[in-house]
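Residue-level structure breakdown
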Amino acid sequence: MARLRLVREQIREIEAARLQRLQVSESGAHAMVKLLARIIGVGIETADMLVHEILSRQLRDRRAVARYAGLTGAPDESGKRRREKGLARAGNARVRRGMIQLAWRFLLFQKDSALAQWFRTRAADARGARKTMIVALARKLLIAFWRLTTTGEIPVGIKLPPVA
């Protein structure tokens, strides 16, 4: 119990330090974290991880963003035979896991967004394709967040609370 209390206290200190760091600075990565954390369903920890792991990098296009996160397919092309082997394991595993978890959470909190509706229409018809489609949603979400942080383009239907 003493170790558990110590770990919880350390987590509280780390979270307090992060919040203090975000309140002090208004530029660069901290502004991106604040922008992403405003999206309903995206917490401060997820936003911080995404910004520091991928969104603060200078990636040239949406394909590079998806490749860096490891959210693209792994084709198997041998001669005339072409097939998809599934999700590529190359890429940032932490971002990949975080984005897949965020995609499930996004479906709960952003039900009216265009991305959530896209997922529902695709996953409703295809039996057993929910896992494949959630990875596709995670890829689309990551690209939408990348566009939001680089160009300021807010994805269609995503709810942002008013700035206090």
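Just so it is clear, the structure is predicted and the values come from calculations on it, not from any experiment. (Residues numbered from 1 in each chain as written. Predicted model: local features only at pLDDT ≥ 70, side-chain atom pairs only at ≥ 80, totals over all residues. Heavy atoms only, no water.)

1. Focus: the overall build of the protein
Of the regular secondary structure elements, the protein holds seven helices and two strands. For the protein, the sequential pattern of α-helices and β-strands runs α-α-α-α-β-β-α-α-α. Split by element, the accessible area of the protein, about 10700 Å² in all, is 52% carbon and sulfur. (Helix = DSSP H or I, 4+ residues; strand = E, 2+ residues; numbered from the N terminus. Areas by Shrake-Rupley, 256 points an atom, 1.4 Å probe, with all protein chains shown as cover.)

2. Looking at the packing of aromatic side chains
The final tally for this structure, using the stated rule, is one aromatic pair. When the ring centre of Trp118 is taken as origin, the NZ or CZ atom of Lys140, which lies over that ring, is 4.8 Å away. (Phe/Tyr/Trp six-rings, centres within 6.5 Å; stacked < 30°, edge-to-face > 60°. Lys NZ or Arg CZ within 6 Å of the ring centre and 35° of its normal.)

3. Regarding the nonpolar core
Counting residues in hydrophobic clusters, the biggest one holds 39 residues, and the most contacted among them are Leu36, Leu50, Leu55, Met99, Leu137, Leu142 and Phe145. For this core, the elements supplying multiple residues, two or more each, are α2 (29–37), α3 (44–55), α4 (62–69), α5 (93–109), α6 (114–125) and α7 (130–151). Broken down by element, this core gets its largest block of residues, twelve residues, from α7. (Core = buried A, V, L, I, M, F, W, Y, C linked by side-chain atoms within 4.5 Å. Buried < 20%, exposed > 50% of the residue type's maximum accessible area, 1.4 Å probe, protein only.)

4. Details of a nonpolar patch on the surface
Residues Ile40, Leu108 and Phe109 make up a contiguous nonpolar surface patch of about 280 Å² in total accessible area. Here Ile40 is to be found in the loop between α2 and α3. What makes Ile40 partly exposed here is its relative accessible area of 32%. (Patch = residues over 30% accessible without salt bridge, like charges linked within 9 Å, V, L, I, M, F, W, Y side chains within 5 Å. Salt bridge = Lys/Arg side-chain N within 4 Å of Asp/Glu carboxyl O.)

5. A closer look at the environment of Arg63
Positionally, Arg63 belongs in helix α4. We classify Arg63 as exposed; its relative accessible area is 52%. When the C-alpha positions of Arg63 and Arg139 are compared, they lie 9.6 Å apart, and in sequence the two are 76 residues distant.

6. Focus: a positive patch on the surface
Taken together, the side chains of Arg60, Arg62, Arg63, Arg67, Arg122, Lys140 and Arg147 make up a positively charged region of the molecular surface. At the level of secondary structure, the elements contributing two or more residues to the positive patch comprise α4 and α7. The element contributing the most residues to the positive patch is α4, with three residues. Tracing the sequence through the fold places Lys140 in helix α7. (Lys, Arg positive; Asp, Glu negative; His and termini not counted. Charge placed at Lys NZ, Arg CZ, Asp CG, Glu CD.)

7. Side note on the packing of α5 against α7
Packing of α5 against α7 leaves a shortest axis separation of 8 Å and a crossing angle of 100°. As far as their axial angle goes, α7 and α5 are roughly perpendicular. Across the interface between the two elements, Val95, Met99, Ile100, Leu102, Ala103, Trp104, Phe106 and Leu107 of α5 pack against Arg130, Ile134, Val135, Leu137, Ala138, Leu141, Leu142 and Phe145 of α7. Residue composition of the contact of α5 with α7, by class: 15 nonpolar, no polar and one charged. (Axes fitted to C-alpha atoms, helices over the stretch in contact; angles between N-to-C directions. Parallel < 35°, antiparallel > 145°, perpendicular 65-115°, else oblique. Contact = heavy atoms within 4.5 Å. Nonpolar A, V, L, I, M, F, W, Y, C, P; charged D, E, K, R; others polar.)

8. Here's the deal with α6
With twelve residues, α6 ought to run about 16 Å at 1.5 Å a step, and its terminal C-alpha atoms sit 17 Å apart, in line with that. Buried within α6 are the following residues: Leu115, Ala116, Trp118, Phe119 and Ala123. All buried residues of α6 project into a common sector of 155° when viewed along the axis, lining one side. Relative to its buried face, α6 has exposed residues pointing more than 90 degrees away, namely Thr121, Ala124 and Asp125. In this structure, the buried residues of α6 make contact with α5 and α7. (Expected span 1.5 Å × (residues − 1). Arc of directions from axis to C-beta.)

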